[in-house]
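The lines below spell out each chain.
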Amino acid sequence: MAMVKLEPPAQLGMSLGEAMFTQRAIRRLKPDPISDEDIQVLMDAASKAPNARNEHRGRFLVVRDREKIRKFAELYTEAWWAKQPEGWSPENAPPGDKHLGPMRLAGAMKDVPVVVLAVSTAPRYASSILPAAQNLMLAARALGIGSVLTTLHPCVTHRIHELFKLPPEAEVHCCIPLGYPEGRFGTTARLPTSETTFYDEWGNPPPWE
């Protein structure tokens, strides 16, 4: 297979710093369609990420068909609840924003315009697809498209393979719903890196406050 070299598209003129520092998990997505041209920009950006031994084991499955998204949404909702503590249900989930956003996404997945599955062509090749997924989401930020990286539960794995005709050796590492945000992008509050970074051994603080 011939390799190709791509130049950065004009649509990705946003600075890397702005894209990184204003990217956030967008779970409230409008149903407005995303053009094939913009999806190609996202895929081209994803293709430029590093991958293990340059073997190109990463693949993206872009799902736009409404019926397939509806069926996927049923599996996603089942998978989301399977990951929650025993006894949780839509009727008795704990209150609070920490759970509300992800729970709302599970219920709204059927209406998102695009779902992207990040897949490797063999098991245990997450290092060949996760950097590409981040490239994709940073490019989406530059285009004003919201995204969030989310995972599935093993209880739906074989049905995901059946739904999308994935080969047995393929492994789905995450899914990325895409859509124009109902909310807004903007800076996020995070723990200071002086608390999340260690030097040389666990617990040793870095030389900044």
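Values in this document were obtained by computation on a predicted structure and should not be read as measured data.

## Things to note about helix α2 (residues 36–47)
Over its 12 residues, α2 runs 16 Å from end to end, which matches the ideal 16 Å to within 8%, given 1.5 Å per residue. Every buried residue belonging to α2 is among Asp38, Ile39, Val41, Leu42, Ala45 and Ala46, and all of these are buried. For α2, the arc enclosing every buried residue in end-on projection is 155 degrees, short of the 170-degree limit, so these residues lie on one face. Looking at α2, the residues exposed on the side facing more than 90 degrees away from the buried face are Asp36 and Glu37. Among the structural elements, β1 (58–63), β2 (114–120), α5 (130–142) and β4 (171–179) are those in contact with the buried residues of α2.

## Remarks on the pattern of salt bridges
The final tally for this structure, using the stated rule, is 7 salt bridges. Of the charged contacts, one joins Arg70 and Glu74 as a salt bridge, the two residues approaching to 2.7 Å between their closest N and O atoms. One end of the pair is Arg70 and the other is Glu74, both in helix α3 (residues 66–82) and 4 residues apart, which spans about a single turn. Salt bridges here are not isolated pairs; linked through shared partners, they connect Arg53, Glu55 and Arg57.

## Some thoughts on the state of the cysteines
Summed over the entire model, instances satisfying the criterion amount to 0 disulfides. Between Cys155, a cysteine without a disulfide, and Cys175, which holds the nearest cysteine sulfur, the sulfur-to-sulfur distance is 13 Å. Here Cys155 falls in the partly exposed class, since its relative accessible area comes to 27%. With no disulfide partner, Cys175 has as its closest neighbouring cysteine sulfur the one in Cys174, 7.0 Å distant. Classification of Cys175 as buried rests on a relative accessible area of 0%.

Scoring rules and cut-offs
Residues numbered from 1 in each chain as written. Predicted model: local features only at pLDDT ≥ 70, side-chain atom pairs only at ≥ 80, totals over all residues. Heavy atoms only, no water. Helix = DSSP H or I, 4+ residues; strand = E, 2+ residues; numbered from the N terminus. Expected span 1.5 Å × (residues − 1). Buried < 20%, exposed > 50% of the residue type's maximum accessible area, 1.4 Å probe, protein only. Arc of directions from axis to C-beta. Contact = heavy atoms within 4.5 Å. Salt bridge = Lys/Arg side-chain N within 4 Å of Asp/Glu carboxyl O. Disulfide = S-S within 2.5 Å.

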